[in-house]
Amino acid sequence: MSLPPEKASELKQLIHQQLSKMDVHGRIREILAETIREELAPDQQQLSTEDLIKALRRRGIIDDVMKELNFVTDSVDQELPSSPKQPVCFTDRQSTLLKKTNIDPTRRYLYLQVLGGKAFLEHLQEPEPLPGQVCSTFTLCLHFRNQRFRSKPVPCACEPDFHDGFLLEVHRESLGDGTRMADSTTMLSISDPVHMVLIKTDIFGETTLVASYFLEWRSVLGSENGMTSLTVELMGVGTESKVSVGILNIKLEMYPPLNQTLSQEVVNTQLALERQKTAEKERLFLVYAKQWWREYLQIRPSHNSRLVKIFAQDENGVNRPVCSYIKPLRAGRLLDTPRQAARFVNVLGYERAPVIGGGGKQEQWCTLLAFLCRNKYIHKPANPDESPIAEQPKPLYPYRTIGCVFNHQMFLGNCQPSDSVEICVFDLNDESKWKPMSEEAIKSVCAPGATTSLPPFPPLCASTIDASVTSNEIEMQLRLLVSEHRKDLGLTTVWEDQLSYLLSPALASYEFERTTSISAGNEEFQDAIRRAVPDGHTFKGFPIHFVYRNARRAFATCLRSPFCEEIICCRGDQVRLAVRVRVFTYPESACAVWIMFACKYRSVL
């Protein structure tokens, strides 16, 4: 495989840097001097090259170098010379398991290392977990220029043992610069921060957003050796956004090292100019928003009580225009149809914002990365007091009043005499009914890259959940819970695997209907149940839907339904129980969990 001259020189530079890092030259000199002293005979004038190579190989120097420079090539590249070359790989030998990371020697990378944490005082009294013990964990999620990473979970502690490295590619998106290595000046103009989100997962699998931090990484461009260490103080979220939750030790390194570094004064000046430009844009938009609001109130004094929100605080307590929280997302191959996308949003759900003490209604806006990484949803099941066959009322719309509507480009205030949904006219182009804000003003602070304070939107990630394994785990846990519950009632439990298996088509049909609004497969399911239930026996089934994977929590919810409790606590002759769980995965590890409890027994009059 031949390389272009520029790529060959870059590759040579990488190898030279790695050899220098290992101090290979010094070790070779020591071995050569030792070999000459020990093996050079008095009548021998010099050692041959083969003798020297044998000495180096015998002492393991060559093996060490080859392990460090573990290059991997793809045979596909040789077969398809016209296709883009796959980047070479290096092996991270410091990790417990050897992991290969793609490295393109023609690209510039920022290597971000998290070297432990301290001062997480909430966990000051946290006992050290025993080996194999389930404990609460911290996970750090990162987003940088369309790249997302997740650290290994570490036990919650006052000094959590974070030791992870993330290789972030720094590139230009402009046409023609895609294959050019970014230099110092180019990287100084890239204002995207590294968004870091800290998530806590408790022993029940429930997740909590702990902190959200935007790391300004360009200080490394002004360091002499292209390397710098930082101490990052993480603040809480929501009402605790002014309270410190802990400190992370961060190390930043450019790879390959910069040929020419910038002075720290140049870097600081660039950052100050960007902050000044952003502050001016935000000031002008605030002036415009105040003027728009005064005009809106002059239309009708009652508008003062309508739900018109132009600004909202994010998880860090920073006021942002509400239009900046929204952006159309391309799901790639993760979602195929609009109905699938709607189903994905539906299983995301929402949660009640935590609040200390009493007060009115609470709300918590947050950036998209913090929302997706938290992966915490609320369950809105069907009414458990109703039979699953009963028709559930479906409102035509989920709102009673609408004060405003907005997206990533528009903001419209409802200026009709009444904001009741039932009588509102939704002709958004009629300015006598909907007062618009200037699209140019919104674009000045909400368009991508308009301000450095605007957090970039992350891409969606595929689910990491194995649907079959998770379904089986939840099902086994529910079997155990049912058996224990019946044992407490003095009842024995006999499971019928075949009946459980026959419940699968029904669960698949329920999810298919939620996704497509088309009902299918009900007749086949009923026929299979009729064949499985002997004459003189009765069959009962109870399906229910959740958007979380906590089996104990789901079981407690099911027991609140008299219909489900009747199945679980079934008494009679030849009672056979069945339970089936089917997990349907969606992007961001969101999931729809369908559970059906069933029983069959001989009817005794």
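None of the values given here were measured: they were computed from a predicted structure.

## Concerning the overall build of the protein chain
- A tally of regular secondary structure across the protein chain gives 16 helices and 19 strands.
- The burial tally for the protein chain puts 40% of its 605 residues in the buried class.
- Of all intrachain contacts in the protein chain linking residues separated by at least 6 positions in sequence, the fraction that spans at least 24 positions is 68%.
- Accessible area for the protein chain stands at about 35100 Å²; split by element, carbon and sulfur atoms hold 52% of it.

## Structural notes on the packing of aromatic side chains
- A full pass over the atoms with the stated rule returns 12 aromatic pairs.
- With a centroid separation of 5.8 Å and 75 degrees between ring planes, the pair formed by phenylalanine 285 and phenylalanine 311 is classed as edge-to-face. Here phenylalanine 285, found in helix α7 (residues 264–299), pairs with phenylalanine 311, found in strand β12 (residues 311–313); they are 26 residues apart in sequence, far enough to count as distant.
- Judged by relative accessible area, which is 4%, phenylalanine 285 ranks as buried.

## Things to note about the nonpolar core
- Leu112, Val194, Leu198, Trp217, Leu221, Leu248 and Ile250 are the most contacted members of the largest nonpolar core, which has 38 residues in total.
- For valine 194, the contacting residues outside a window of four places in its chain are Leu112, Leu142, His143, Phe144, Leu168, Tyr213, Phe214, Leu215 and Trp217.
- The next biggest cluster of nonpolar side chains, apart from the first, holds 28 residues, and it includes Cys558, Ile567, Cys570 and Val579.

## What to know about the sheet that holds strand β19 (residues 591–602)
- Taken in spatial order, the three strands line up as β17-β19-β18 in an open sheet, and their pairing is antiparallel. Both outer strands of the open sheet, β17 (537–546) and β18 (573–585), are each paired with one neighbouring strand and no more. Strand-to-strand twist in this sheet, taken as the mean axis angle between neighbours without regard to direction, amounts to 15 degrees.
- Pairing between β17 and β19: 10 bridges, direction antiparallel. Counted as the bridge partner of phenylalanine 542 is phenylalanine 597 from β19.
- Sheet strands touched by helix α13 (residues 504–516): β17, β18 and β19. Its angle to β19, the strand with the most contacts, is close to 140 degrees.

## Side note on α13
- Its 13 residues give α13 an end-to-end C-alpha distance of 18 Å, which sits within 8% of 18 Å, the value for a rise of 1.5 Å per residue.
- Of all the positions in α13, only Ala506, Leu507, Ser509, Glu511 and Thr515 are classed as buried.
- Lining the buried residues of α13 we find α8 (338–348), α14 (522–532), β18 and β19.

## Points about the environment of methionine 254
- Inspection of the secondary structure puts methionine 254 in strand β11 (residues 244–255).
- Here methionine 254 falls in the buried class, since its relative accessible area comes to 1%.
- Each C-alpha atom of the pair methionine 254 and glycine 226 lies 5.6 Å from the other, and the pair is 28 residues apart in sequence.
- Beyond its immediate sequence surroundings of up to four residues, methionine 254 is in contact with Arg108, Tyr109, Leu110, Met187, Val220, Leu221 and Gly226.

## Some remarks on the sheet that holds β11
- The four strands are arranged β7-β3-β11-β10 in an open sheet whose pairing can be described as antiparallel. The open sheet terminates on both sides in strands that have one partner only, identified here as β7 (163–170) and β10 (227–235). The mean angle between the axes of side-by-side strands here comes to 25 degrees, regardless of whether they run parallel or antiparallel.
- Here eight bridges tie strand β3 (residues 108–118) to β7, and the two strands are oriented antiparallel to one another. What sits directly across from valine 114, in β7, is aspartate 164.

## Quick word on empty space enclosed by the protein
- Scanning the model with the defined rule gives one cavity of 30 Å³ or more in all.
- Approximately 40 Å³ is the volume found for the largest cavity.
- Contributing to the lining of the largest cavity are Val482, Trp495, Ile567, Ile568, Leu577, Ala578, Phe597 and Ala598.
- Elements with a contribution of two residues or more to the lining of the largest cavity: α16 (562–568), β18 and β19.
- Here the lining of the largest cavity is composed, by residue class, of eight nonpolar, no polar and no charged.

## Describing the packing of α7 against helix α10 (residues 439–446)
- It is the contact of α7 with α10, at a shortest axis distance of 9 Å, that shows an interaxial angle of 145 degrees. The chirality of how α7 crosses α10 is left-handed. In this structure, α7 contributes Lys281, Glu282, Phe285 and Tyr288 to the contact, and α10 contributes Ala441, Ile442, Ser444 and Val445.
- Class assignment of the residues belonging to the contact of α7 with α10 gives a composition of five nonpolar, one polar and two charged.

## Side note on α8
- Looking at α8, one finds that the buried residues are Arg343, Phe344, Val347 and Leu348. Viewed along the axis of α8, the buried residues span an arc of 145 degrees, placing them on a single side of the element. The outward face of α8, more than 90 degrees from its buried face, is lined by the exposed residues Pro338 and Val345.

Conventions adopted
Residues numbered from 1 in each chain as written. Predicted model: local features only at pLDDT ≥ 70, side-chain atom pairs only at ≥ 80, totals over all residues. Heavy atoms only, no water. Helix = DSSP H or I, 4+ residues; strand = E, 2+ residues; numbered from the N terminus. Buried < 20%, exposed > 50% of the residue type's maximum accessible area, 1.4 Å probe, protein only. Contact = heavy atoms within 4.5 Å. Areas by Shrake-Rupley, 256 points an atom, 1.4 Å probe, with all protein chains shown as cover. Phe/Tyr/Trp six-rings, centres within 6.5 Å; stacked < 30°, edge-to-face > 60°. Core = buried A, V, L, I, M, F, W, Y, C linked by side-chain atoms within 4.5 Å. Pairing = 2+ DSSP bridges. Axes fitted to C-alpha atoms, helices over the stretch in contact; angles between N-to-C directions. Expected span 1.5 Å × (residues − 1). 1 Å grid on protein atoms, 1.4 Å probe; cavity = no way out; pocket = protein on both sides within 12 Å on 5 of 7 lines; lining within 4 Å. Points joined across faces, edges and corners; volume = space filled by probe spheres on them. Nonpolar A, V, L, I, M, F, W, Y, C, P; charged D, E, K, R; others polar. Left-handed = near helix turned anticlockwise from the far one by under 90°. Arc of directions from axis to C-beta.

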